[in-house]
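# Fold and contact review
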Amino acid sequence: MIMSLDLLAREIVRLSVHGGTTPVLVTPSYLSFRPEFFRQFVSAVASRTDRTVRIDWLRTGRGISAVIGDRMAARQAAKITRMLRGDTPASHSIELSSSIGRPDGSSSRARSELVIGLCDNRQPLPPWATAISLGDNSIPSADQ
C-alpha cells in the first residue's frame, strides 16, 4: 500500500490533536529519508495546523558505532532544520533525542509544537506514542 504525504499528514494531525498521542514514523533500519522528504512532509503537516512541527529523531544506540552514527545524524538534522527554517518563518525542526516527546507537554513551547517521532523498528516506543509503520504493509488506514 502506498500512502501519500497528504494522507500521512492528515493522520499525523488527527492522532496528535484528537487522539492525544504522539505519532511516530517507524521505518526498517535500512530505510532513511532524504532532506527533500522532510521539506515536503513538514510542509504537508504544517498546512493542516497552526503549530510548529518538531520531529524527535529517537537515537538510543550504544557503543562506538552509535556514537559515530549519532554524529552523522546530528549533522543531517542540523542541515534539515536549516532547510526547513529557510522555507518558512516557522521554527520547524528535527532534533536528535533519547525519548519521544509527549503529546500534551507541560511547557508552553511543547504545547505550541506538534511533535512527531521518528525511529527505526528496533526502538521501543513509550506508551503515549502511536507507531505509523513505513516501509512495510502495516500502515494504518485513516479509519483505524
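Worth saying up front: this structure is predicted, and the values here are computed from it rather than measured.

## So, helix α2 (residues 35-46)
Here α2 is 12 residues long and its end C-alpha atoms lie 16 Å apart, about the 16 Å a rise of 1.5 Å per residue gives. Taken residue by residue, α2 has F37, F38, F41, V42, A44 and V45 as its buried positions. Burial along α2 is one-sided: seen end-on, the buried residues are contained in an arc of 160°. Of the surrounding elements, those touching the buried residues of α2 are α1 (5-18), β1 (22-27), β2 (52-58), α3 (64-87), β3 (93-97) and β4 (113-120).

## Focus: the environment of V53
Among the structural elements, V53 can be located in strand β2. With a relative accessible area of 0%, V53 lands in the buried category. For V53 and L114, which are 61 residues apart along the polypeptide, the C-alpha to C-alpha distance reads 4.9 Å. Apart from the residues within four sequence positions on either side, V53 is in contact with V42, V45, A46, S91, H92, S93, L114 and I116.

## Description of the pattern of salt bridges
Scanning all chains against the criterion turns up 6 salt bridges. Measuring nitrogen to oxygen at the nearest pair gives 2.9 Å for the salt bridge that ties R39 to E36. Of this pair, R39 and E36 both sit in helix α2, separated by 3 residues, roughly a single helical turn. Judged by relative accessible area, R39 falls into the partly exposed class, the value being 29%. The partly exposed category is assigned to E36, whose relative accessible area is 35%. Among the salt bridges present, the one from R54 reaches E113, with a minimum N-O distance of 2.6 Å. Here R54 is found in strand β2, whereas its partner E113 is found in strand β4, with 59 residues between them in sequence.

## Focus on the nonpolar core
Core analysis: the largest hydrophobic core is formed by 27 residues, its most contacted members being I12, L25, F41, V45, I55 and I116. Within the residue set of this core, elements represented by two or more residues are α1, α2, β2, α3 and β4. The element contributing the most residues to this core is α2, with 6 residues. When neighbours within four sequence positions are excluded, V45 is seen to be in contact with A9, I12, V13, V53, L114 and I116. The next biggest cluster of nonpolar side chains, apart from the first, holds 6 residues, and it includes V24, I100, C119 and A129.

## A few points about the sheet that holds β4
Spatially, the 5 strands line up as an open sheet ordered β3-β2-β4-β1-β5, and their pairing is parallel. The open sheet has two edge strands, β3 and β5 (129-133), and neither has a second partner. For this sheet the average axis-to-axis angle between neighbouring strands, irrespective of direction, equals 30°. Of the strand pairs in this sheet, β1 and β4 are connected by 4 bridges, and their pairing is parallel.

## Remarks on a nonpolar patch on the surface
A cluster of nonpolar side chains, namely I64, V67, I68 and M72, defines an oily patch on the protein surface of about 400 Å² accessible area. Checked against the element boundaries, V67 lands in helix α3.

Basis of the calculations
Residues numbered from 1 in each chain as written. Predicted model: local features only at pLDDT ≥ 70, side-chain atom pairs only at ≥ 80, totals over all residues. Heavy atoms only, no water. Helix = DSSP H or I, 4+ residues; strand = E, 2+ residues; numbered from the N terminus. Expected span 1.5 Å × (residues − 1). Buried < 20%, exposed > 50% of the residue type's maximum accessible area, 1.4 Å probe, protein only. Arc of directions from axis to C-beta. Contact = heavy atoms within 4.5 Å. Salt bridge = Lys/Arg side-chain N within 4 Å of Asp/Glu carboxyl O. Core = buried A, V, L, I, M, F, W, Y, C linked by side-chain atoms within 4.5 Å. Pairing = 2+ DSSP bridges. Axes fitted to C-alpha atoms, helices over the stretch in contact; angles between N-to-C directions. Patch = residues over 30% accessible without salt bridge, like charges linked within 9 Å, V, L, I, M, F, W, Y side chains within 5 Å. Areas by Shrake-Rupley, 256 points an atom, 1.4 Å probe, with all protein chains shown as cover.

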